Amino acid sequence: MAGGLLLTAPQHASAGPPNLLTNPGFETAGPAGSDMPSCWSKSGWGDNDFSFTTVADAHSGTRAMRVALTRRVDGDRKALVTESTACAPTVVPGRQYDLSAWYKSDTPDVSVTVFRREAATGTWHYWTDLQNPPVSAAWARTEVRTPAVPPGTDRIAWGMSVYGVGTLTTDDYAMEEVGATGPTPTCTGTAEECAKGRWEVIPAKNPTRSMHAVVLRNGKVLLIAGSGNDIARFQAGTFTSAVYDPANGSFKTIPTPVDMFCAGHVQLSDGRVLVMSGNKGYPSADGRIGYQGLKDSYVFDPATEKYTRTNDMNGGHWYPSATILGNGDVISFGGLKEDSTGNVTAEKFSAAQNKWLPMNEVNQTWSYWGLYPSMILMQDGRLFYSGSHTFGNGTPGTGASVYDYDANTITDVPGLRNKDQRDESASVLLPPAQDQRVLTIGGGNNETNPAANRITDIIDLKKPSPAYTAGPDIPQGLVDTGTGKRPQTGAEGKMYVSAVLLPDGKVLETGGGLHDRADPVFEASFFDPATNTYQAGLATDPVPRTYHSASFLMPDGRVMSVGDNPGNGTYNHNVSVYTPPYLFKGPRPQITSVIDTRWVYGDTQRITVNRPIAKAELIRPAAVTHSSDPNQRFVDLPLTVVDDTTVDLNVTSNPNLAPPGWYMLFAVDAGGVPSIAKWVHVGGAPAVAALSGEQRPSAHEHTFANELGPAKPNPAKRNSVPVSPRIAGCDRHYGSATLCVPTVFPAEVANTPKARCDWLAAHKYPKRMKVNGSDPLRLDQDRDGYAC
């Protein structure tokens, strides 16, 4: 594997942009009594021994700054531009700035770190790390470009952090504003397409009743159905998957060994897909036992397009979570056991051993997290449970929490609204992952079946004591409640919503329904993390997308949507593709070469492009089901611009920000137009170990969320928790297990047999459904053994 490029950026000509820094070379002494040069301050945190020294060993002039760490447990130290109006440069939101310095270091654990000030409050915040300059015994120059300055920011301060034992000497800092780049966008479609994008239904149909969608490292899409929520297929042992090839629009059916219906899945670091659990059995006709989870586990290899069995999990987990960790291991929680009770054991898949670990080798809190709990990896290796889940109510307490695996503690975080109405909500780590902000969208409750809500909540995990705050409501669209489309009113929102990270840094929310497995909503919008606002009124998918639907980003920058499995047991096999407005803005930038597609944490990697770009990022390919993909993330790659067509990309040193695996690399111009993605692999610990003799930076983790309240007491060791057989929200007294007659009808349906039967007819349920035993909803008025 090739290593990263050692960067020697060209010096700017003297006629270039002005240097915005005061005292860039430490030549001006500080005020009387200060041991730091003017406009420079000592900064840093953590348990370490350090020194700051102004030395004569300068790159130019007579002074330079030396920062040394002689002992370190955690934290960093840095000479930072003083956070004051006299010293910290004024910046313009939306603009970018080139930061450079000359340095010498004997440690790879160095980063360029930036802080920003909120104009409204005057409060300073850590913004981001931009680069890990390589070890250099002689003076070397490093340069890196900031992302676009966030709205509401009026000043930035920055410096070079040392976060490992060693010495860093720096001199001759510069900060220069970047001029305009890229062509002026021009509309290449209709005015409506340029404003709203365009949906189209492709000719080929999905051959499976898929519930799961995974974008593979070769750009194809794995669609997993298992039995497809069809008990007849289950009884016949007919389990299917399909691979879609966007290059020719074809589907290939894949033999599938077990019923992977409602399994968990995640991309492993080598690009294989780990598929865990699934469906051992459907609910009994009398409703006494619910769905049952499998112990089985398989990996799908994109190269061979075959499943291979791993060892079993310790127990069944129908609807498990699956989160990849910074070392490539996978952790899983929740779901239903083989006997339909709630599984309280954590499971861990070892990347090094390629197997599920025995239960006694995995930390256990004996907590029940529910079904498909959204567990998002934080920058320090902890897990954030966002409160998004499937079926029933949220976890006891606030409904959202931080789980520290090493300490084996769970600590609630406040602020999540309507925590028991977040069934089939969507949660995403907002772009970029470095910002550590999570968005949770919509949801409902399949047990009480209220109208789904419009709620958006946002949490900033960089704060000492993070809490959800209210975001803007989801825009409203048209809803079809069985009698034709009508505008949504009041507080009506949606569940089963899809949230897709796009290469321009926005989030597409699309699809969803107003009630459990019913009443599709036709609405789509963009959420902009920079402004915390929605752009409403986008083109809408013409195909309803409610229960068992999925939407995901393709390497060409478009979004594909599949599935819809309403309560009447039908399945929509039509496939839709969305072309966002950014693909109607003129020619796309092109990545003309990627010198090395095997990347290592802390790397600088060179690419060439056909014209100037404003940003680049890695987007982890989707592995989505039931509105849930906790591994979806957008990782910023700060640029070092060599010239208009040669760019060096600076890769984070922290594998918790970009867990090991294959990523889509996008280059994006100043107009927000993305390239077609190139595939690159970001390597974990084994990749680093293979680079004998090279010094690689360790993870630069920061202390965030470090003032949480007391941890909750863990339950005593137990085997499981009771879960109602009606957890799926279906009354099994009617029809087969494929049908889902609501346990609770929507509130607007009168509590009479006629109103319920009219609702079932409007939603295209079979005209005669066999009554299994008793008739609690009084649907069999003529006592002939059939409902309605």
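Rules used throughout
Residues numbered from 1 in each chain as written. Predicted model: local features only at pLDDT ≥ 70, side-chain atom pairs only at ≥ 80, totals over all residues. Heavy atoms only, no water. pLDDT = per-residue confidence, 0-100. Contact = heavy atoms within 4.5 Å. Pairing = 2+ DSSP bridges. Helix = DSSP H or I, 4+ residues; strand = E, 2+ residues; numbered from the N terminus. Axes fitted to C-alpha atoms, helices over the stretch in contact; angles between N-to-C directions. Polar contact = N/O pair within 3.5 Å; in protein donor to acceptor, adjacent residues only side chain to side chain. Phe/Tyr/Trp six-rings, centres within 6.5 Å; stacked < 30°, edge-to-face > 60°. Buried < 20%, exposed > 50% of the residue type's maximum accessible area, 1.4 Å probe, protein only. Disulfide = S-S within 2.5 Å. Core = buried A, V, L, I, M, F, W, Y, C linked by side-chain atoms within 4.5 Å.

A. Expanded view of the confidence of the model for the chain. On average, the chain scores 95 in pLDDT, and the residues at 70 or more come to 96%. For residues 1–14, every residue scores under 50 in pLDDT, and the model assigns this stretch 39 contacts once sequence neighbours within four places are set aside. Predicted confidence is poor over residues 685–693, with pLDDT under 50, and the contacts of this stretch with residues over four places away or in other chains come to six contacts.

B. Examining the sheet that holds strand S17 (residues 273–276) more closely. Here we have four strands laid out as an open sheet, ordered S16-S17-S20-S21, and antiparallel in their pairing. Whereas interior strands pair on both sides, the edge strands pair on one side only; in this sheet they are strand S16 (264–267) and strand S21 (306–309). Between one strand and the next, the sheet's axes are offset by a mean angle of 25°, whatever the strand orientation. Bridge count for strand S20 (residues 297–301) against S21 is four bridges, and the pairing is antiparallel. Bridged to Asp 301 within S21 is Lys 306.

C. A look at the environment of Ala 667. Among the secondary structure elements, Ala 667 is positioned in strand S54 (residues 661–668). Residues Ala 667 and Lys 770, 103 residues apart in the sequence, show an inter-C-alpha distance of 57 Å. Not counting residues up to four positions away in its chain, the partners in contact with Ala 667 are Pro 589, Ile 591, Val 609, Ile 613, Lys 615, Ala 616, Val 673, Pro 674 and Ser 675.

D. A look at the side chain of Ser 388. Tracing the backbone through its elements, the reader meets Ser 388 in the loop between strand S28 (383–385) and strand S29 (401–404). There is a polar contact of 2.7 Å between the side chain of Ser 388 and the side chain of Ser 425. Not counting residues up to four positions away in its chain, the partners in contact with Ser 388 are Tyr 372, Pro 373, Ser 374, Arg 422, Ser 425, Ala 426, Ser 427 and Thr 440.

E. Structural view of the packing of aromatic side chains. According to the stated counting rule, one finds 32 aromatic pairs in the structure shown. Look at Tyr 282 and Tyr 291: their rings are 5.6 Å apart centre to centre, the planes differ by 55°, and that puts the pair in the tilted class. On the basis of relative accessibility, which here comes to 6%, the residue Tyr 282 falls in the buried class. Residue Tyr 291 is classed as buried on the basis of its relative accessible area, which comes to 3%.

F. Geometry of the pairing of strand S55 (residues 678–683). The buried fraction of S55 amounts to five of the six residues, a majority that puts the element mostly inside the structure. Sheet topology note: the strand S47 (residues 598–600)/S55 ladder contains three bridges and is parallel. Across the sheet, Trp 599 pairs through a bridge with Val 682, a residue of S55. As defined by bridge partners, S54 adjoins S55 across five bridges and the pair is classed as antiparallel. Looking across to S55, one finds that Met 664 is bridged to Trp 679.

G. Quick look at the environment of Ser 332. Along the polypeptide, Ser 332 turns up in strand S23 (residues 330–332). Note: C-alpha distance between Ser 332 and Glu 447 (115 residues apart in sequence) is 25 Å. With residues up to four places along the chain from it excluded, the contact list for Ser 332 reads Met 276, Met 313, Pro 320, Ser 321, Thr 345, Ala 346, Glu 347 and Trp 356.

H. Representation of the state of the cysteines. Applying the stated criterion across every chain, the model contains four disulfides. Between the sulfur atoms of Cys 757 and its disulfide partner Cys 788 the distance amounts to 2.1 Å. Its S-S torsion of approximately -90° makes the covalent link between Cys 757 and Cys 788 left-handed. With a gap of 31 residues between them, Cys 757 in helix H4 (residues 753–762) and Cys 788 in the segment after strand S58 (786–787) connect regions that are remote in the sequence.

I. Geometry of the nonpolar core. Counting residues in each nonpolar core, the largest one holds 49 residues, and the members touching the most others are Leu 502, Leu 508, Phe 552, Leu 553, Met 560 and Tyr 578. Apart from the residues within four sequence positions on either side, Tyr 578 is in contact with Lys 196, Gly 197, Arg 198, Trp 199, Leu 508, Phe 526, Leu 538, Ala 539, Arg 558 and Val 559.

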